[in-house]
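Descriptive analysis of the structure
Okay, here's what each chain looks like letter by letter:
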Amino acid sequence: MAIKAATRIGVMEREGTVSESPFYIPMTGPLARPRRTLKHDDTFLVLDSHGDIGASAGGPDGLFHSDTRHLARFELVLNDMQPLLLGSNLRDDNSGLTVDLTNPDIFSGGRIVLQKDMIHIVRTIFLWRATAYQRIGVQNHGDSTARFDLTLLFDSDFADLFEVRGERRPRRGSSLSEIHGPADVSLIYTGLDENVRTTGVHFDPSPTTLSVSSASYRLKLAPQQVASLFVAISCNLPAEQKIPPFFRGLLAHRREMRESTAGAATIGERRDLLERAVDLIAGLIAATRTAAEADTAAGGAAAEAAREATERGFDSVEEAMAAAREEADLAALRSRVSQHDQAMAVVDGQLEELAEVDAGEKLDPGPAEARARESARDREAKSRLAGVAANQLETFRQETERVPRLYEELAPLREAAATSTELDRLAGGRNDRKMKLSIYVLATRLRQVIEAANHHLQRMSNQRYELLYTGDKNGNAMAGLGIEVADAYTSETRPTTTLSGGESFYASLALALGLAEIVQQESGGKKLETLFIDEGFGTLDAKSLDQVMDVIDSLRAGGRSVGLVSHVEELRNRIPAQIRVASSRRGSTVTVTAAFPEPSPGLLARG
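Just so it is clear, the structure is predicted and the values come from calculations on it, not from any experiment.

Here's the deal with the overall build of the protein
Counting its secondary structure elements, the protein contains 12 helices and 28 strands. Counting over 607 residues, the protein shows a buried share of 31%. Once local pairs closer than 6 in sequence are excluded, the contacts in the protein between residues at least 24 apart make up 59%. Accessible surface for the protein amounts to roughly 37600 Å². Of this, 54% is attributable to carbon and sulfur atoms.

Next comes the structure, spelled out in structure tokens:
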């Protein structure tokens, strides 16, 4: 373990090197690294507590997608040295990892050029849609300018899970690595099955130097300065599909995680769901085992059935099955036999009675003939009713035959009505996003304004803030024109209401400038030659005021005039061309305190 003396003597900067105390023992070696795991759908990431992949050879580290390791190494080094771990925080739902690192003592020519703990590195990592996102935030906590190289080393072996666990394959496919432009590398593997698997590595901003296995940034940071580097590693992403930026991906990832855990509000509930899933899998395994046992029993039963059929005089089981009858059929046959026996018993009884009848006795047929005539009349009446019913049935069929044809004729009207109903639903806000058509059009315009405004906001906020369009709906309300702020210092997004007064001012100014640029573009490039900005400068400190004034000065390019309406004394001292308006009981007076420069326009301040 490295040891640092309690007192440093004679530490000073001289020509890019630092002389160390004779009692100072430098820290250079890494400590043990526990493993961390992230997962999203069919993609999971195994990395160490530093956020590295494959820093220790032969381990299970890697970015895995569909049971294939798409990245076997991704390691961060400073001047070819591994950084030291300050802390590692894994989210409760294993959806994100945040790692805090610092630099060890870095030597050059036998002398320390960068003391330990001067550079703070924050790595923010998450998985979303087969892509591993990473933001590397670097800040100089020293009192002098720091110069160093930050290098990212990467590689892929495209091994499957069996190879990762130690299985040796006699043959493998072919690998290829390609560089696409200044910021993209493709790692390609064609397997023996002719399937092509790709790993895309995208850097933002572009590295100082880029190869098929490394990307290096030559960084120069002033005291307290912050730099942000972004890396996106995609698995089998189509060439035409673009990777969303880090903060947009993070916002969509957090929203998706909230929606996916809507049915399980706590980790305990999710654990219960997983345990129930394990029980179901165990039940499936038991059912499979039972099915196998039943198959074996069925084979034995078939042999027993063949033996039984042979013993009962059948040539085969099929013949016995053809002769078999269902229990219902047997019951019907038994019923018919029983009815026949009963009919035979009745006939036998009648024959016995007729045996005692005197054949010479005369019978009167009158009553029987009367009943026969009555039955004939009844049959005739029922025949007439049957004829009427048949005529009515034929009429009904003739009328109903037209219904299908009429229904088909109405098909275009039904389709038009369905289309109109759907358009009314979508335009009226009764859709998944609960957004009206008018709001959707404004949201599209707002995205253009935000994109243009971010160029000014990042400059005014020293690359700290970026505006993000959310458009989230709130409860049952219609979706609106929501905006959030991405803070590069914390790698978090938050509402615009959390901005301070000065921050709100230059966020509003950036939006106004972005809107002006979009209006200029939409009007055929017609110039806006004069721009007035009214108040808000009193909320800015001196540094923020300087940054805002730099942006305002840049607006004067191309002959544009910018007027500032303000009561801030600092602006009066900075701007020579002024028009002061003073009010009194007798009215207002206008005083021009400096002549306007001709012919080039300048800044105009109004007191």
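There is more to say after this.
Quick notes on the side chain of Ser-491
Structurally, Ser-491 can be placed in the loop between β22 (483-487) and β23 (492-495). Residue classification places Ser-491 among the buried positions, given a relative accessible area of 4%. Among the polar contacts listed, one links the side chain of Ser-491 to the side chain of Arg-135, at a separation of 2.6 Å. Beyond its immediate stretch of four places on either side in the chain, Ser-491 contacts Thr-124, Arg-135, Phe-247 and Leu-250.

Here we look at unusual backbone geometry
Residue Pro-205 is bonded to the preceding Asp-204 through a cis peptide linkage, with omega at 5°. For Pro-205, the position within the fold is in the loop between β17 (196-204) and β18 (209-210). Although it is not a glycine, Ser-66 adopts a positive phi angle of roughly 55°. Take Ser-66: it is sitting in the loop between β5 (62-65) and β6 (68-71).

What about the pattern of salt bridges?
Per the counting criterion, the structure on display carries 25 salt bridges. Asp-117 is the partner of Lys-116 in a salt bridge, and the nearest nitrogen-oxygen pair spans 3.0 Å. The exposure class assigned to Asp-117 is partly exposed, which follows from its relative accessible area of 36%. Here Glu-399 makes a salt bridge to Arg-402, at a shortest N to O gap of 3.3 Å. Residue Arg-402 is classed as partly exposed on the basis of its relative accessible area of 44%.

Here we look at a negative patch on the surface
On the surface, a cluster of negative charge is contributed by Asp-348, Glu-352, Glu-353 and Glu-356. Residue placement: Glu-352 occurs in helix α5 (residues 327-354).

Thoughts on the sheet that holds strand β9 (residues 96-102)
As summarised here, the arrangement of the 8 strands in space is β8-β9-β12-β13-β20-β17-β16-β15, forming an open sheet in which the pairing is antiparallel. In this open sheet, the two edge strands, each paired with only one partner strand, are β8 (84-90) and β15 (174-180). Recorded for the sheet is a direction-independent mean angle of 15° between the axes of neighbouring strands. In terms of strand pairing, strand β13 (residues 131-140) meets strand β20 (residues 226-235) through 9 bridges, oriented antiparallel. Opposite Ile-136, over in β20, you have Leu-229 as the bridge partner.

Here we look at empty space enclosed by the protein
This structure, assessed with the given rule, holds 2 cavities of 30 Å³ or more. Space inside the largest cavity adds up to approximately 90 Å³. The wall of the largest cavity is formed by 13 residues, among which Leu-45, Ile-53, Ala-132, Gln-134 and Ile-233 lie closest to the centre. Those elements that provide at least two residues to the lining of the largest cavity are β4 (43-48), β13 and β20. Examining the composition of the lining of the largest cavity, we find that 3 residues originate from one element, β13, more than from any other. Tallied by class, the residues present in the lining of the largest cavity amount to 11 nonpolar, 2 polar and no charged.

Considerations on the nonpolar core
Formed by 44 residues in total, the largest nonpolar core has its most connected members in Phe-148, Leu-150 and Phe-154. Setting aside its immediate chain neighbours within four residues, Phe-154 contacts Leu-71, Arg-73, Phe-74, Val-185, Leu-187, Val-201, Phe-203, Ser-211, Val-212, Ser-213, Ser-214 and Ala-215. By size, the runner-up hydrophobic cluster in this structure holds 31 residues, among which are Val-485, Phe-505, Val-568 and Ile-575.

With respect to the sheet that holds β6
Strand order in the open sheet formed by 4 strands is β3-β4-β5-β6, and the pairing between neighbours is antiparallel. Lying at the two open borders of the sheet, with one neighbouring strand each, are β3 (35-40) and β6. Adjacent strand axes in the sheet meet at a mean angle of 25°, parallel and antiparallel pairs treated alike. Relative to β5, β4 runs antiparallel, the two sharing 4 bridges. Looking at the pairing, Val-46 lines up with Gly-62 of β5.

What counts and how
- Residues numbered from 1 in each chain as written.
- Predicted model: local features only at pLDDT ≥ 70, side-chain atom pairs only at ≥ 80, totals over all residues.
- Heavy atoms only, no water.
- Helix = DSSP H or I, 4+ residues; strand = E, 2+ residues; numbered from the N terminus.
- Buried < 20%, exposed > 50% of the residue type's maximum accessible area, 1.4 Å probe, protein only.
- Contact = heavy atoms within 4.5 Å.
- Areas by Shrake-Rupley, 256 points an atom, 1.4 Å probe, with all protein chains shown as cover.
- Polar contact = N/O pair within 3.5 Å; in protein donor to acceptor, adjacent residues only side chain to side chain.
- Salt bridge = Lys/Arg side-chain N within 4 Å of Asp/Glu carboxyl O.
- Patch = residues over 30% accessible without salt bridge, like charges linked within 9 Å, V, L, I, M, F, W, Y side chains within 5 Å.
- Lys, Arg positive; Asp, Glu negative; His and termini not counted.
- Charge placed at Lys NZ, Arg CZ, Asp CG, Glu CD.
- Pairing = 2+ DSSP bridges.
- Axes fitted to C-alpha atoms, helices over the stretch in contact; angles between N-to-C directions.
- 1 Å grid on protein atoms, 1.4 Å probe; cavity = no way out; pocket = protein on both sides within 12 Å on 5 of 7 lines; lining within 4 Å.
- Points joined across faces, edges and corners; volume = space filled by probe spheres on them.
- Nonpolar A, V, L, I, M, F, W, Y, C, P; charged D, E, K, R; others polar.
- Core = buried A, V, L, I, M, F, W, Y, C linked by side-chain atoms within 4.5 Å.

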